[in-house]
Amino acid sequence: MRGARSLPNERIERALAAIDRAIAAAPERDGASFSQAVQEVSAVRDEVATHGRATPEARRRLDTLNAVLSMILAGHFPLGAPPWDEVRKARGWLAEVQL
Amino acid sequence: MPSLGASYGRGSATMSLWDLESSDCVVIMGSNMAENHPVAFRFVVEAQRRGATVIHVDPRFTRTSAMADIHAPIRAGSDIAFLGGIIRHLLENDLWFREYALAYSNIAHIIEDGYLGPDDNDGVFSGFDEATGTYETETWQYKGKVVPSVVGEHRVAHAEHGPDDDFESMTESRPPVDMTLADPRCVYQILRRHYARYTPEMVEQITGCPAETFLRVADALARNSGRERTGAFCYAVGWTHHSVGVQIIRAATIIQSLLGNVGRPGSGIMALRGHVSIQGSTDIPTLYNMLPTYLPQPNALNRHATLAEYLHTETPTTGWWANMPKYMVSLLKAWYGEHATAENEFGYQHIPKLTGDLSYEPITLSMVDGMVKGMFVLGQNPVVGAVNSDMVVRGLSKLKWMVVRDFAMTETANFWKDSRLIQRGELSPDRIGTEMFFLPAAMPGEKDGTVTNTARLVQWHDMVCEAPGESRSDLWFIYHLGRRLKELYADSAEARDSGLQALTWSYTLRGERQEPDPEDVLREINGYTIADHVQVSGFTELKDDGSTACGAWCYSGIFPEANTNLSRSRRPDRPGGPNSHAGWAYAWPSNRRTLYNRASADPEGRPWSERKKKIWWDEAAGKWTGYDVPDFPVDKAPGYRPDWSTRPHGMDAIGGADPFIMEADGRCMIFVPSGLKDGPLPAHYEPVESPVKNLMYRSRSYNPVAKLWTRPGNEMHPEADPRFPHIFTTYRLTEIHCGGIPSRVMPHTAELQPEGFVEISPELAAEHGLKSLDWTVLSTLRGEIEVKAMVTERMRAFRLGDRTVHQIGMPWLYGHEGYATGDIANVLFAISGDPNVSIHTTKAITCNLRPGRLAHAGGEILAQ
């Protein structure tokens, strides 16, 4: 099953770094950093989807990546104050996908 | 919508359109009503014929202005300065309807000690958090209370008050008041301080409207209000499409509350909706943050993990909204039927939970970033109608698929081969991977169903003829799409698919086309009992135990019996009748034509005057009676007072003289403690792009909590940027309907307004040596367009202090499809949002104008 193969670490590292920049830019509420994070995580999701969603593992990865994107969206377009703790948690979820 | 909701209790027009003819003064502002709502405008004309004063406050002199007794020109985006000036004028000259406002509003309520207004707090209200760009609302509360927001989607903000916050403080006592109005912390005194600097002279400096004209407007309003006379405000998107749009409407609600112009004949605020059934689409919403008829969408980041938590967090303890659990559980029963049980929280976990802002603007940016993969476009044309058209096209080009349903080709459906970015060479069809589906849609006469108009009036219309070929109604499409999805996922074991599996999706199908019966849908919207499937007569019969189902509680009563569809009713009043036309269609809630009509009687239940009577208390019968369905418990006597020793909940906490039953204490809110994200009172901030500095609060140019999403391609202009010295605004034309396509593709309507144009004043034309039909280039940091000039005295230059500011305007309805074409005005706008509803700004930005043509291919193609 192609969906079960390991993800390229480099791509995930880029996504993690982009989230880190968005978190670091919290005082400036820098939308560009969040935008970059969305692009990078979306690219990871595309990579997973491209290699198939037939296996339970691939579907779990996609679920996790969608959850990460939901939380980044919450930081990027918050309903009230940005939920930084949740964004940090989402970063952790993404890091676990790497494992 | 949150403005009317927060102020009065419901996010909708407070009156019926025909009630405008009973007004003694009609102020039209943020609307060109004569041209864009001509059917409704006839009631204004009738009012004028009967002696009413008609006022038009608008940057342009339009056909509405021509019909008005007074035209007050103001600079686009300065509305709050103008309205704030009226508030000050009423207060300082003691022109307000004291008995009404004291009895029915929160003008005497005492606010928390920590409250500060922007005059005393560096241009912002107390509670502002610079780091997050948001407000905490603790200091805006009634002293010692936590007031639940009447605006469902904003109640969630109160999670910030802590896990034990349950609004029980509202059951302990009335909010503290000072009926002498002497307490410096009472709303009256706060209001006076807040608007002290909104003098006629300041109004003139900020708005450009001569002080003398402003005072004529203020005095006409005051003169036509009180026991014997009433006035109304009419507005449209000229008020809403601003970074302070909600607060502009709020300012009008304050004026009307002070003048006693709510709930009475010829009084109120008429929210003129911008499209057919826009009111209906907010009631049974296409909005991301609400469930049908104003129930808040659950949010993953709030205490909404279970149905019990959600209801505990979101249900106010006092007022009508205490019934919310009945409406929520009945909705879940309508959606999930036998799969909704008490054991599984009535299917609550099937409902998706929000995390962030999913309104159109963030979704567009998320498309550009690759997060969004597919899009259905039904009933809209975003390449023309949404701001930053180039950004929209970039987003569409990143999708994997897009479905457009319309009855003619649109700029949105053709973006991949004909859009501006294609013409300019920035995109090419061979590099766009979006798979396009264009599906033919039935036209209005080719389907039956309802339209909910601007006055909450739900009117049924029958199909005239079948749609040709493969054209189908939206109902047909949605039903069969849902049916196929249910079939596809019938065997799925994934938890996320369980909602689709549980969804009730059974409607009578008619004819060979298998068209769902829309009356079946309306029956479900009305609600029924689960045990015997009998229609309920109204929302007062709904239960929170799973014994009733209801698709939209506000509409309950519209189909009270199996074969009684009240939206079909067409019985007008006879001449000289009560003018409620209660037999004409159905107005939610409960077929009321005038909301808050308990306020048409004095606290003792007597009409304020014979001339302005609507409903009154019949002591002998022990009930409310009159010319409308009472917006009040029909047998609650005026003298009823809550027994606070019993900790009353729900309607028991609302007195017999408290007309605004959706509010937690039954009073309309001049000062809003909860429910708005940008302040308890309207304050003048400049638009996010303005050619001038803010004279009112010099340290804050624009709304400090406005949503700005600056990025390449979506840059904003700095304050008073000399590169973009002019104010730019957009509007509709009588001759071009909706997003342009319905009129532009028809030769006989296209020829009425055959080409795009920009209106400029003679003064500005002289500066540039322009005459009508000369080409001009309009530019912002988002893009450039070319358009022919129409030099007209309808536009004027504004004198602001020692400076002249020019305003230019352009219809936004043109595109490249059809017979009537022109560059898309929305290319010029940035994607931004107001803090409450994320509505974009289209009525006041800055731009540049120069004579000539664009050099790139797009201009050449248009020239040919």
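Colleague: Please clarify how the overall build of chain A should be interpreted in this entry.
Modeller: Looking only at helices and strands, chain A features 4 helices and 0 strands. Its helices and strands in sequence order give chain A the pattern α-α-α-α, from N to C terminus. Sorting the 99 residues of chain A into buried and exposed places 47% on the buried side. Counting only contacts in chain A whose residues sit at least 6 apart along the sequence, the fraction spanning at least 24 positions is 70%. With the model as given, the accessible surface of chain A reaches about 4700 Å², and the carbon-plus-sulfur share is 49%.

Colleague: Just checking my understanding: could you explain the pairing of strand 11 (residues 401-406) of chain B for this structure?
Modeller: Each regular strand carries side chains that alternate between the two faces of the sheet. Residues and elements named next belong to chain B. In terms of burial, strand 11 is a largely internal element, 5 of the 6 residues being buried. One ladder, built from 5 bridges, connects strand 10 (residues 374-378) with strand 11; its direction is parallel. By the bridge assignment, Leu 378 is partnered in strand 11 with Arg 405. With 6 bridges connecting them, strand 11 and strand 12 (residues 435-440) associate as parallel partners. Looking at strand 12, one finds that Trp 401 is bridged to Glu 435.

Colleague: Where do I start with the sheet that holds strand 13 (residues 449-452) of chain B in this structure?
Modeller: Pairing between the strands of a sheet comes from backbone hydrogen bonds, and it takes one of two forms, parallel or antiparallel. All names here are of chain B. A sheet is described by the order of its strands in space; here 3 strands give the open sequence 13-14-21, paired in antiparallel fashion. Each edge of the open sheet carries a strand with a single partner, namely strand 13 and strand 21 (586-587). As judged from the 4 bridges shared by strand 13 and strand 14 (residues 457-461), these two strands associate in the antiparallel manner. Counted as the bridge partner of Thr 452 is Val 458 from strand 14.

Colleague: Just checking my understanding: could you explain the interface of chain A and chain B for this structure?
Modeller: Accessible area lost on assembly of the parts is the figure often given for the size of an interface. Taken together, the contact between chain A and chain B spans 25 residues of the former and 27 residues of the latter. Looking at the side of chain A that touches chain B, the elements with two or more residues in it are helix 2 (31-50) and helix 3 (56-76) of chain A. A per-element tally of the side of chain A that touches chain B places helix 3 of chain A first, with 8 residues. Here the side of chain A that touches chain B is composed, by residue class, of 13 nonpolar, 6 polar and 6 charged.

Colleague: In this structure, what is going on with the environment of B:Thr625? I would like to understand it.
Modeller: Residues and elements named next belong to chain B. Structurally, the position occupied by Thr 625 is in strand 23 (residues 623-626). Distance in space between the C-alpha atoms of Thr 625 and Thr 341 is 40 Å, their sequence separation being 284 residues. Residues contacting Thr 625, with those up to four places away along its chain left out, are Lys 614, Ile 615, Trp 616 and Asp 618.

Colleague: For this particular structure, what's the right way to read the pairing of strand 6 (residues 231-235) of chain B?
Modeller: Residue and element names in this part refer to chain B. The buried fraction of strand 6 amounts to 5 of the 5 residues, a majority that puts the element mostly inside the structure. Of the two faces of strand 6, the one lined by Gly 231, Phe 233 and Tyr 235 and the one lined by Ala 232 and Cys 234 are each fully buried. As paired strands, strand 1 (residues 25-29) and strand 6 are joined by 4 bridges and run parallel to one another. Residue pairing across strands places Cys 25 opposite Gly 231, the latter belonging to strand 6.

Colleague: Can you help me understand unusual backbone geometry in this one?
Modeller: Residues apart from glycine generally show negative phi values, whereas peptide bonds are mostly found in trans. All names here are of chain B. Cis geometry marks the peptide bond from Trp 588 to Pro 589, where omega comes out at -5°. Examined against the element boundaries, Pro 589 turns out to sit in the loop between strand 21 and strand 22 (615-618). Phi is positive for Tyr 596, close to 60°, though the residue is something other than glycine. Among the structural elements, Tyr 596 can be located in the loop between strand 21 and strand 22.

Colleague: Explain the sheet that holds strand 12 of chain B here, please?
Modeller: Residues and elements named next belong to chain B. Across the sheet, 3 strands lie side by side as 10-11-12; this open sheet has parallel pairing. Edge positions in the sheet fall to strand 10 and strand 12, since each has one partner strand and no second. Within the sheet, the average angular offset between the axes of one strand and its neighbour, ignoring direction, is 10°. Its contacts with the sheet put helix 21 (residues 474-488) on strand 10, strand 11 and strand 12, and the angle it makes with strand 10 is roughly 150°.

Colleague: What is the right way to read the packing of helix 5 (residues 79-92) of chain B against helix 12 (residues 245-259) of chain B from this model?
Modeller: Two packed helices can be described by the angle between their axes and the distance between those axes. Residue and element names in this part refer to chain B. Packing of helix 5 against helix 12 brings their axes to within 9 Å, and their N-to-C directions diverge by 20°. When the interaxial angle is binned, helix 5 and helix 12 end up roughly parallel. Relative to helix 12, helix 5 is oriented so that their crossing is left-handed. Each of Asp 79, Ile 80, Leu 83, Ile 86, Ile 87, Leu 90 and Leu 91 in helix 5 lies in contact with helix 12, whose residues at this interface are Gln 247, Ile 248, Ala 251, Ala 252, Ile 254, Ile 255, Leu 258 and Leu 259. Each residue belonging to the contact of helix 5 with helix 12 can be placed in one class, and the counts come to 13 nonpolar, 1 polar and 1 charged.

Conventions adopted
Residues numbered from 1 in each chain as written. Chains lettered and ligands numbered in written order. Predicted model: local features only at pLDDT ≥ 70, side-chain atom pairs only at ≥ 80, totals over all residues. Heavy atoms only, no water. Helix = DSSP H or I, 4+ residues; strand = E, 2+ residues; numbered from the N terminus. Buried < 20%, exposed > 50% of the residue type's maximum accessible area, 1.4 Å probe, protein only. Contact = heavy atoms within 4.5 Å. Areas by Shrake-Rupley, 256 points an atom, 1.4 Å probe, with all protein chains shown as cover. Pairing = 2+ DSSP bridges. Nonpolar A, V, L, I, M, F, W, Y, C, P; charged D, E, K, R; others polar. Axes fitted to C-alpha atoms, helices over the stretch in contact; angles between N-to-C directions. Parallel < 35°, antiparallel > 145°, perpendicular 65-115°, else oblique. Left-handed = near helix turned anticlockwise from the far one by under 90°.

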